[in-house]
Amino acid sequence: MNNTVFTYNAIMEMEQRYRATLINSAGGFKSLALVGTRNKQGQPNLAIFNSFFHVGAHPPLFGFIIRPDSVDRHTLNNILETAEFTVNHVHAGIYEQAHHTAARYPQEVSEFNAAELTELHVNGFYAPFVAESKIRIGAGFVRRVDISENGTCMIIGRIKHLSVPGECLQEDGFLDLEKAGSLTGSGLDSYHTTHTLGRLPYAKPGVMAGVLVK
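From a predicted model like this one, the values you see are computed outputs, not experimental measurements.

**Student:** Is there a simple way to explain the overall build of the chain in this structure?
**Tutor:** Looking only at helices and strands, the chain has six helices and 14 strands in total. Overall, the C-alpha framework of the chain stretches about 65 × 50 × 30 Å when taken along its three principal axes. Relative to its 214 residues, the chain shows a buried fraction of 35%. Here the chain displays about 13300 Å² of accessible surface, and carbon together with sulfur accounts for 54% of that area. Across the chain, the mean location of the 18 positive side-chain charges is 7 Å away from that of the 20 negative side-chain charges.

**Student:** Would you mind going over the environment of Thr152 with me for this structure?
**Tutor:** Inspection of the secondary structure assignment puts Thr152 in strand S10 (residues 152–163). Each C-alpha atom of the pair Thr152 and Ala103 lies 19 Å from the other, and the pair is 49 residues apart in sequence. Ignoring any residue separated from it by four or fewer positions in sequence, one finds Thr152 in contact with Ile65, Ile66, Arg67, Pro68, Val145, Asp146 and Ile147. Only 2.7 Å separates the side chain of Thr152 from the side chain of Asn150, close enough to count as a polar contact.

**Student:** Even after reading the chapter, I still don't get the sheet that holds strand S12 (residues 190–192), so can you show me in this structure?
**Tutor:** In any sheet, the strands associate via hydrogen bonds between backbone groups, in a parallel or an antiparallel arrangement. A sheet is described by the order of its strands in space; here three strands give the open sequence S1-S11-S12, paired in antiparallel fashion. Single-partner strands in this sheet number two, and they are strand S1 (30–31) and S12.

**Student:** Looking at this model, I keep getting lost on the nonpolar core. Mind explaining?
**Tutor:** One recurring pattern in soluble globular proteins: nonpolar side chains tend to sit buried together. Counting residues in each nonpolar core, the largest one holds 16 residues, and the members touching the most others are Phe52, Phe62, Phe64 and Phe85. Elements with a contribution of two residues or more to this core: strand S2 (33–38), strand S3 (44–49), strand S5 (60–66), helix H3 (74–82), strand S6 (84–89), strand S9 (136–147) and S10. Considering every element that reaches this core, the biggest residue donor is S5, with three residues. Other than its neighbours up to four places away in sequence, Phe52 contacts Ser31, Ala33, Val35, Phe62, Gly63, Phe64 and Val87. Within the second largest apolar cluster, 13 residues are counted, among which are Leu34, Ile94, Ala115 and Val130.

**Student:** Even after reading the chapter, I still don't get the pattern of salt bridges, so can you show me in this structure?
**Tutor:** Proximity of charged atoms lets side chains of opposite charge pair with each other. Following the criterion strictly, the structure yields three salt bridges and no others. As a salt-bridge pair, Arg144 and Asp146 come within 2.7 Å of each other at their nearest N and O atoms. For Asp146, a relative accessible area of 54% translates into the label exposed. Note that Arg199 and Asp172 form a salt bridge whose closest N and O atoms lie 3.0 Å from each other. One end of the pair, Arg199, is in the loop between S12 and strand S13 (207–208); the other, Asp172, is in the loop between S10 and helix H6 (177–180), and 27 residues separate them in sequence. Residue Arg199 is classed as partly exposed on the basis of its relative accessible area of 48%. Owing to a relative accessible area of 53%, Asp172 belongs among the exposed residues under this scheme.

**Student:** Explanation requested: the sheet that holds S10 in the structure shown.
**Tutor:** The seven strands are arranged S3-S2-S6-S9-S10-S5-S4 in an open sheet whose pairing can be described as antiparallel. Looking along the sheet, the strands with just one partner apiece sit at the ends: S3 and strand S4 (53–57). For this sheet, the mean inter-axis angle between neighbouring strands, taken without regard to orientation, is 35 degrees. As judged from the six bridges shared by S2 and S3, these two strands associate in the antiparallel manner. Looking at the pairing, Val35 lines up with Ala47 of S3.

**Student:** Can you walk me through H3 in this structure?
**Tutor:** Looking only at H3, the buried set comprises His74, Thr75, Leu76, Asn78 and Ile79. Those residues of H3 hidden inside the fold are in contact with S2, S3, S5, S6, S9 and S10. Two residues or fewer past H3, Ala83 is found with a positive phi of approximately 65 degrees.

Thresholds applied
- In this numbering scheme, every chain counts its residues from 1 along its sequence in written order.
- In keeping with the predicted nature of the model, local features appear solely for residues at pLDDT of at least 70, side-chain atom pairs appear and are counted solely at 80 or more, and the whole-chain, interface and lining totals rest on all residues.
- Excluded from the side-chain calculation are hydrogens and water; included are all heavy atoms of the structure.
- Strands are runs of DSSP state E lasting at least two residues, helices are runs of H or I lasting at least four, and both sets are numbered from the N terminus onward.
- For every residue, the accessible area obtained with a 1.4 Å probe (protein chains only) is divided by the maximum for its type, and the residue is called buried under 20%, exposed over 50%, and partly exposed between those limits.
- A 1.4 Å probe and the Shrake-Rupley method give the accessible areas. Residues count as covered only by the protein chains that appear here.
- This count recognises Lys and Arg as positive and Asp and Glu as negative, with His and chain-terminal groups excluded.
- Lysine's charge is taken at NZ, arginine's at CZ, aspartate's at CG and glutamate's at CD.
- Working rule for contacts: check all heavy atoms of both residues, and any pair within 4.5 Å makes them a contact.
- Two N or O atoms count as a polar contact when they lie within 3.5 Å, although within protein this holds only if one can serve as hydrogen donor and the other as acceptor, and sequence-adjacent residues are included solely when both atoms are side-chain atoms.
- Only strands joined by at least two bridges in the DSSP assignment are considered to pair.
- Among the buried residues, those of types Ala, Val, Leu, Ile, Met, Phe, Trp, Tyr and Cys that are joined through side-chain atoms within 4.5 Å form a nonpolar core.
- The working definition used for a salt bridge is a side-chain nitrogen of Lys or Arg within 4 Å of a carboxyl oxygen of Asp or Glu.
- In this analysis an axis means a line fitted to C-alpha atoms, helices contributing only their contacting stretch, and an angle means the value between N-to-C directions, from 0 to 180 degrees.

See the structure below:
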């Protein structure tokens, strides 16, 4: 296979949309989910993100990236205003609707309605969940970290509520995302199912997948 090579200068000189598509794809497959929020007036918002990452399990923290707020970012504004948001996995049955939430609707329009998805309200939690999602996380806002190099910001959240299908939860705590049908994404508009190759034992020096390495 012959590789095409790009230098930094060549990347920076690319047409904007081509560069965004290429670099977003080059990072590999990404976690994909819908973020649900509400402002203090009760107006719901729903938006798809593909930049989630694990931060730690004790306490249970995760993060994701929000693009520059040079335009009004309803998700960011609502999180900072109410300190709550939800994260809802995307599956094959809703991925086209989930993709539609990336459209730039005015604040007074609910993406739940526009994408024909259903708000799910859990007692004691202000932000709305997606009823059609199989794995749902309710999060509390912990920290915003501004990234000066490109104007994005990182949001750190603490898991306060976790709802998963019982049949996808294994005895050791492993959550079988493939069994739940959770999708992954690449680039800005490509959605993928997964195929498990296998689970390996805890890595130890000198031992490769449970076999002693000479």
